[in-house]
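# Overview (structure and organization)
The lines below spell out each chain.
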Amino acid sequence: MASTTTKQAPAWQREGLVLPDALGPRTWDQLIEESVQLREAATVSGFTQTASHRDGSFCTPSQYLSTQGGPVLTAVLRNMDLLGLVREASGRPRLIPVRCGYNYYRLGDFMGLHRDSVKATITFTFALTEGLPPMGWAPQLCEASSDELAALVASQGLYPAGHPVREVPFRQLSAFDGYNIPHWRPPLTQADQQGVIGTFCYFDL
Ligand SMILES: [Fe+2]
């Protein structure tokens, strides 16, 4: 795509989407409870290599625990009111729910620069523990090719400097264009609290 397309991209694609009151306090309590219950079922996720995939996604090494969402998160994923809200906010009336899960970051866990699968037209993330550091993201690289991203990682590493951070708020929904915008999470250090993140995505049919 030409750079002029970037300038015309909707605000949600450039800046992300925040949905401050989309879920009530009881739902947040239940999500936290479910994430704790499912922690034991979580398995090590991640990659050990840099790879470009045919769907346009791109990955570099990562390491964390993950598990699919339970009934509470699945109900959020399939909530028609929320879906309607996001369809309207994004101008994408054909969005459909795809999948959901919890990610558990322990000391040293990380997610190198990557782009989500083609089914993640809109990626939602939310913190279920307090104190999790922000992630890094590079909206200005939304049109970079996978080769360009591989070159960037080769020269600067998995967490390239000089890019903005993106807060993942505690008990608040926010979303971004996970398929096009490269994003990453540097390793958790001892100064950080170990963290739990919920995530789900919608796909534009
Ligand atoms: Fe991602």
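Residues numbered from 1 in each chain as written. Predicted model: local features only at pLDDT ≥ 70, side-chain atom pairs only at ≥ 80, totals over all residues. Heavy atoms only, no water.

### Quick notes on the nonpolar core
If you look at the biggest cluster of nonpolar residues, it comprises 27 residues, and the most contacted ones within it are L31, V86, F200 and Y202. Of all the secondary-structure elements, those providing two or more residues to this core are β1 (17-19), α3 (25-37), α4 (71-77), α5 (80-90), β6 (95-105), β8 (122-127), β11 (173-176) and β13 (195-204). No other element matches β6, which puts 4 residues into this core. Setting aside residues up to four positions removed in sequence, L31 forms contacts with L23, V72, L73, V76, Y102, F126 and L128. Core analysis: the next-biggest nonpolar cluster, separate from the first, contains 12 residues, Y64, L132, V168 and F176 among them. (Core = buried A, V, L, I, M, F, W, Y, C linked by side-chain atoms within 4.5 Å. Buried < 20%, exposed > 50% of the residue type's maximum accessible area, 1.4 Å probe, protein only. Helix = DSSP H or I, 4+ residues; strand = E, 2+ residues; numbered from the N terminus. Contact = heavy atoms within 4.5 Å.)

### Comments concerning the coordination of the iron ion
Surrounding the iron ion are the protein donor atoms H114 (NE2), D116 (OD) and H183 (NE2), at 2.1 to 2.2 Å. Expressed as a motif, the donor residue spacing for the iron ion is H-x1-D-x66-H. Remark: H183 occurs in strand β12 (residues 183-185) and D116 occurs in the loop between β7 (110-114) and β8; sequence separation between them is 67 residues. H183 sits in the buried class, given a relative accessible area of 5%. (Donors = N, O, S within 2.8 Å, 3.2 Å for Na, K, Ca; no water.)

### Concerning the pairing of β6
Bridge count for strand β5 (residues 62-68) against β6 is 4 bridges, and the pairing is antiparallel. For T67, the partnering residue across the bridge sits in β6 and is Y102. Examined bridge by bridge, β6 and β13 share 10 bridges and lie antiparallel to one another. Paired with C100 across the strands is F200, a residue of β13. (Pairing = 2+ DSSP bridges.)

### Thoughts on the packing of aromatic side chains
In this structure the tally under the stated criterion is 8 aromatic pairs. Ring centres of F124 and Y202 lie 4.9 Å apart, and the angle between their planes is 65°; this geometry places the pair in the edge-to-face category. Of this pair, F124 sits in strand β8 while Y202 sits in strand β13, placing them 78 residues apart in sequence. The class for F124 is buried, based on a relative accessible area of 0%. With a centroid separation of 5.9 Å and 90° between ring planes, the pair formed by W137 and F176 is classed as edge-to-face. With W137 in strand β9 (residues 135-137) and F176 in strand β11, this pair connects stretches of sequence that are 39 residues apart. Each of the two residues, W137 as well as F176, counts as buried. Above the face of the W137 ring, R166 is positioned so that its terminal group lies 5.8 Å from the ring centre. Against the face of Y105 rests R185, its NZ or CZ located 5.4 Å from the ring centre. (Phe/Tyr/Trp six-rings, centres within 6.5 Å; stacked < 30°, edge-to-face > 60°. Lys NZ or Arg CZ within 6 Å of the ring centre and 35° of its normal.)

### Observations concerning the layout of surface pockets
Computed from the structure, the largest pocket encloses a volume of approximately 850 Å³. Along its surface, the largest pocket is lined by 40 residues, and Y64, R99, N103, D116 and T199 are the ones closest to its centre. Of all the elements in the fold, those that place two or more residues in the lining of the largest pocket are β4 (58-59), β5, α4, β6, β7, β8, β12 and β13. Top element by residues in the lining of the largest pocket is β6. It accounts for 6 residues. A breakdown of the residues in the lining of the largest pocket according to their chemical character gives 16 nonpolar, 20 polar and 4 charged. (1 Å grid on protein atoms, 1.4 Å probe; cavity = no way out; pocket = protein on both sides within 12 Å on 5 of 7 lines; lining within 4 Å. Points joined across faces, edges and corners; volume = space filled by probe spheres on them. Nonpolar A, V, L, I, M, F, W, Y, C, P; charged D, E, K, R; others polar.)

### Re the pattern of salt bridges
One pass over the structure, following the stated rule, counts 4 salt bridges. With a closest N to O distance of 3.4 Å, R14 and E15 form a salt bridge. Take E15: its relative accessible area is 54%, and that puts it in the exposed class. For R171, the salt bridge is made with D29, and the minimal N-O distance between the two is 2.8 Å. Taken together, the residues span a long stretch of sequence, with R171 in the loop between β10 (165-166) and β11 and D29 in helix α3 at a distance of 142 residues. Judged by relative accessible area, R171 falls into the partly exposed class, the value being 26%. (Salt bridge = Lys/Arg side-chain N within 4 Å of Asp/Glu carboxyl O.)

Everything listed is a geometric property; what it means functionally is a separate question.
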